[in-house]
Structure formats: C-alpha cells, structure tokens
Amino acid sequence: MLDGFKKFIMRGNVIDLAVAVVIGAAFTQVVNYPAPTATDNCPGVTVTTSPVSGSVFNVGTTTVNVTATDSGGHTSTATFTVTVLYPFAGFTGRVIVNQPGINYMTAGHTSPIRFSLGGNRGLNIFASGSPSSRQVACPAGSPIGGSAPATLSPGLFYQAGQYTMYWQTSAAWAGTCRQFDMTLKDGSTRSLNFWFYQ
C-alpha cells in the first residue's frame, strides 16, 4: 500500500496545477485556486495546502505547499506557484509604440516614459537593476552585448494616476537600436524598442 501511496500524488492533479496568474489591483490580492486532489489505494485521503485558497497573496510569485495524507498516516507532498501581477496596461505618453513596434528618437535626448499599474503602488516597484537598456540589432532584433542600468533624470514619480520617468539617452547611440527593459517586483518585464538617429 505504501508504494501505491507514494505514487498517488503524481497521478492526482496536484502536479498538474500550473501557474495561476491573477491581475491584482493592490499590493496584495485574495487568490482562490482549485482544490488539489489525490488518489490512493485506500479511501480517506486528506489534502491540505499552505497558504490555503482564499488567502491574501503578495505581488510576485508565492509557492503553495500541498500535503496529502492517507488513512494510514502516510504523507506525500507537492508544490505549485501562484503569481500576482500588477495590472500593467502598456506604456503611454510620447512613447506610444509598445512592442513589437519601434520608437524613433534623437540620440542624446531625454525620453519621458509613462505607465500605469492601476493605482499608486509606491515608488519601490522595480526589481534590482531595473530599469535597464541594451543594444539590439536594428530593427529591434537580437541583443548585442549586455544590459546597462538606465539613467533616469529625474527619477520615478507618481502623479495623476500614472508613473513617469525620464530616460536620459546617449548621443553615442545615434544609428543604433536599443531595448528599454523595466522589470517590476512582480517578476514581469515590460520593454520598449528604440531606433536612435542624430
């Protein structure tokens, strides 16, 4: 019976649960997910999860631990993840061409980049090292070299329902293409393509 029980968790839908993506309108989100199930050679299997369905999840990815226990006290475990994302609706303002489109810009100028996350989420919304940019083959193709931190002047601020940052570009970028990447604390990366001229 124990061998059969060790295998039961693999036959149930615990392993089959994929990443649940929930678009949250706050720093946290109540998440309801389908109850995991398990089967065994003997009746009376109990399945528990932590955190439980209906819990408040923070922005980002949270691992849910699943434990199945049969009537003989044997246990088996599995995990799945739940990801809560900010409700990002695209970039706005003068930069209005979202990927896969290309924004044309004079090298060395400052570009205002605006976006919304469905409300004020504070100013600590970027992952470490974000935002950044890297050269790509024109028009907006494969990367050439690594990423470099983006110079923001002034830095990020929130006003009238939108976040705004001013990206200072380099005059040396004339005749090249770059990808601007903004990785948020929820784990998502939002990007824009630029083709620079003199």
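See the structure shown above.
Every value quoted in this text rests on a predicted model; they were computed, and no experiment measured them.

**A closer look at the overall build of the protein chain**
Counting secondary structure elements, the protein chain contains 1 helix and 15 strands. Within the span of the protein chain, comprising 198 residues, buried residues form 39% of the whole. Taking the contacts inside the protein chain whose residues are at least 6 apart along the sequence as the reference set, 62% of them involve residues at least 24 apart. With the model as given, the accessible surface of the protein chain reaches about 9800 Å², and the carbon-plus-sulfur share is 54%.

**Re the pattern of salt bridges**
Scanning all chains against the criterion turns up 1 salt bridge. Residue D181 is joined to R134 by a salt bridge in which the shortest nitrogen-to-oxygen separation is 3.7 Å. With D181 in strand β14 (residues 177–183) and R134 in strand β10 (residues 132–136), this residue pair connects regions lying 47 residues apart in the sequence.

**A few points about the sheet that holds strand β9 (residues 110–115)**
Sheet strands pair by backbone hydrogen bonding; their relative direction is either parallel or antiparallel. Strands sit in the order β7-β9-β13-β12 across an open sheet of 4 strands; the sheet is antiparallel. Sheet topology places β7 (91–92) and β12 (157–159) at the edges, where each strand pairs with a single neighbour. For β7 and β9, the ladder comprises 2 bridges, and the chain directions are antiparallel. Considered in β9, the bridge of T92 is made with R114.

**A short note on the environment of F57**
Among the structural elements, F57 can be located in strand β4 (residues 55–58). Sequence-wise, F57 and V30 are 27 residues apart; in three dimensions their C-alpha atoms are separated by 6.1 Å.

**A closer look at the sheet that holds strand β15 (residues 189–197)**
The strand order β8-β15-β14-β10-β11 describes an open sheet built from 5 strands, whose pairing is mixed. The sheet terminates laterally at β8 (102–106) and β11 (143–149), the two strands that pair on one side only. Averaged over all pairs of adjacent strands, the angle between strand axes in this sheet comes to 30°, irrespective of strand direction. For β14 and β15, the ladder comprises 7 bridges, and the chain directions are antiparallel. Residue M182 lies in a different strand from β15, and its bridge partner there is R190.

**Thoughts on the nonpolar core**
Judged by nonpolar contacts, the single largest core of 31 residues is most densely connected at F115, I125, F180 and M182. For this core, the secondary structure elements donating two or more residues are β5 (60–69), β6 (75–85), β9, β13 (162–168), β14 and β15. Non-local contacts of M182, meaning those with residues more than four positions away in its chain, are made with F88, F91, F115, F126, S130, P131, M165, S188, T189 and R190.

Calculation criteria
Here the residue numbering is sequential within each chain, running from 1 through the sequence in written order. Since the coordinates come from a predicted model, pLDDT governs what is reported: local features require at least 70, and pairs of side-chain atoms require 80 or more to be given and counted, while whole-chain, interface and lining totals use all residues. In computing side-chain values, all of the structure's heavy atoms are included and hydrogens and water are not. We count a stretch as a helix when DSSP gives it H or I for four or more residues in a row; a strand needs E for two or more, and each element gets its number in order from the N terminus. Throughout this description, buried means an accessible area under 20% of the type-specific maximum (1.4 Å probe, protein chains only), exposed means over 50%, and partly exposed covers the range between. Contacts are assigned to residue pairs with any non-hydrogen atoms lying within 4.5 Å of each other. Using the Shrake-Rupley algorithm and a 1.4 Å probe, accessible areas are obtained, with residue cover drawn only from the displayed protein chains. The term salt bridge refers to a pairing of a side-chain nitrogen on Lys or Arg with a carboxyl oxygen on Asp or Glu at a separation within 4 Å. Two strands pair under a simple rule: DSSP has to find at least two bridges between them. Angles run from 0 to 180 degrees between N-to-C directions of axes, and those axes are lines fitted to C-alpha atoms, restricted for helices to the stretch in contact. For this analysis, a nonpolar core means a set of buried residues of the types Ala, Val, Leu, Ile, Met, Phe, Trp, Tyr and Cys, connected via side-chain atoms within 4.5 Å.

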